[in-house]
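# Fold and geometry: a report
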Amino acid sequence: MKNVIISICIFIVMLIAIFFSLNYLTKTCDNLMTQCDELEDIISKETWDNSYEKSMNLLKDLQDKHNILSMFIHHQEIDNMTNELYKFTQYVKGKNKDEALASIHVVKFYIEHIEDLQKVTIQNIF
């Protein structure tokens, strides 16, 4: 009987941890997506004044959360996004609108992909 109670307690703790980790991941991805949308608007309007600073803030936010996020998802996903953000910051610094917009779209795709990987679907279970 003691083993059953311990197993149930561990299972409940695991479910609570999963809930909080998915909630954290969703909030983080929403925050990153909001920053990407703002950067996309700034670059479309070609206001380069603070776009480099905002792109560096986006990169810094991702690097700050890298260790925590890699506990939930495969670190290669985050590494790909970080590499693309490094390119993006240089495109913004060089005021290259076409490449910057293409690069920010790739970053947004990675964020959406990370969110899709965490959803409970048949495809993700198998």
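The structure this text deals with has already been given above.
So, here is what we can say about the structure in this document. The model shown is predicted, which means the values in this text are computed figures rather than measured ones. (Residues numbered from 1 in each chain as written. Predicted model: local features only at pLDDT ≥ 70, side-chain atom pairs only at ≥ 80, totals over all residues. Heavy atoms only, no water.)

### Quick look at helix H4 (residues 97-118)
To keep it simple, the criterion reads: Working definition: helices are DSSP H or I runs of at least four residues, strands are E runs of at least two. Numbering for both runs from the N terminus. Working rule for helices: expected span equals 1.5 Å times residues minus one. Summary of the burial criterion: residues with accessible area below 20% of their type's maximum are buried, those above 50% are exposed, and those between are partly exposed, where the area comes from a 1.4 Å probe applied to protein chains only. Here a residue-residue contact requires only that any non-hydrogen atoms of the pair lie within 4.5 Å.
If you check H4, its first and last C-alpha atoms are 32 Å apart, about what 22 residues at 1.5 Å a residue would give, namely 32 Å. For H4, the complete set of buried residues consists of Ala100, Leu101, Ser103, Ile104, Val107, Lys108, Tyr110, Ile111 and Ile114. At its buried positions, H4 is contacted by helix H1 (2-44), helix H2 (51-72) and helix H3 (75-93).

### Digging into the packing of H2 against H3
Heads up, the condition is: Every axis in this analysis is a line fitted to C-alpha atoms, fitted for helices over the stretch in contact. Angles between the N-to-C directions lie between 0 and 180 degrees. Roughly parallel means an angle under 35 degrees; roughly antiparallel, over 145; roughly perpendicular, 65 to 115; everything else is oblique.
Between H2 and H3, the shortest axis-to-axis distance is 10 Å and the interhelical angle comes to 170°. As judged from the angle between their axes, H2 and H3 are roughly antiparallel. Facing H2, whose interface residues are Ser51, Tyr52, Ser55, Met56, Leu58, Leu59, Leu62, Gln63, His66, Leu69 and Ser70, H3 presents His75, Ile78, Asp79, Met81, Thr82, Leu85, Tyr86, Phe88, Thr89, Gln90, Val92 and Lys93.

### Thoughts on the packing of aromatic side chains
For clarity, the threshold we go by: Pairing of aromatic rings covers Phe, Tyr and Trp, the last through its six-membered ring, and needs centres within 6.5 Å; plane angles under 30 degrees mean stacked, over 60 mean edge-to-face, and all others mean tilted.
In total, this model carries two aromatic pairs according to the counting rule given. Geometrically, the ring pair formed by Phe19 and Phe20 is edge-to-face, given 5.5 Å between the ring centres and 65° between the ring planes. With relative accessibility at 52%, the residue Phe19 sits in the exposed group. Judged by centre distance (6.1 Å) and plane angle (50°), the rings of Phe109 and Tyr110 are tilted.

### Examining H3
The end-to-end C-alpha distance of H3, which contains 19 residues, comes to 27 Å, matching closely the 27 Å that a straight helix rising 1.5 Å per residue would cover. Buried within H3 are the following residues: Glu77, Ile78, Met81, Thr82, Glu84, Leu85, Phe88, Thr89 and Val92. Where H3 is buried, its residues contact H1, H2 and H4. Of the residues flanking the end of H3, it is Lys95, one or two places downstream, whose phi is positive at about 55°.

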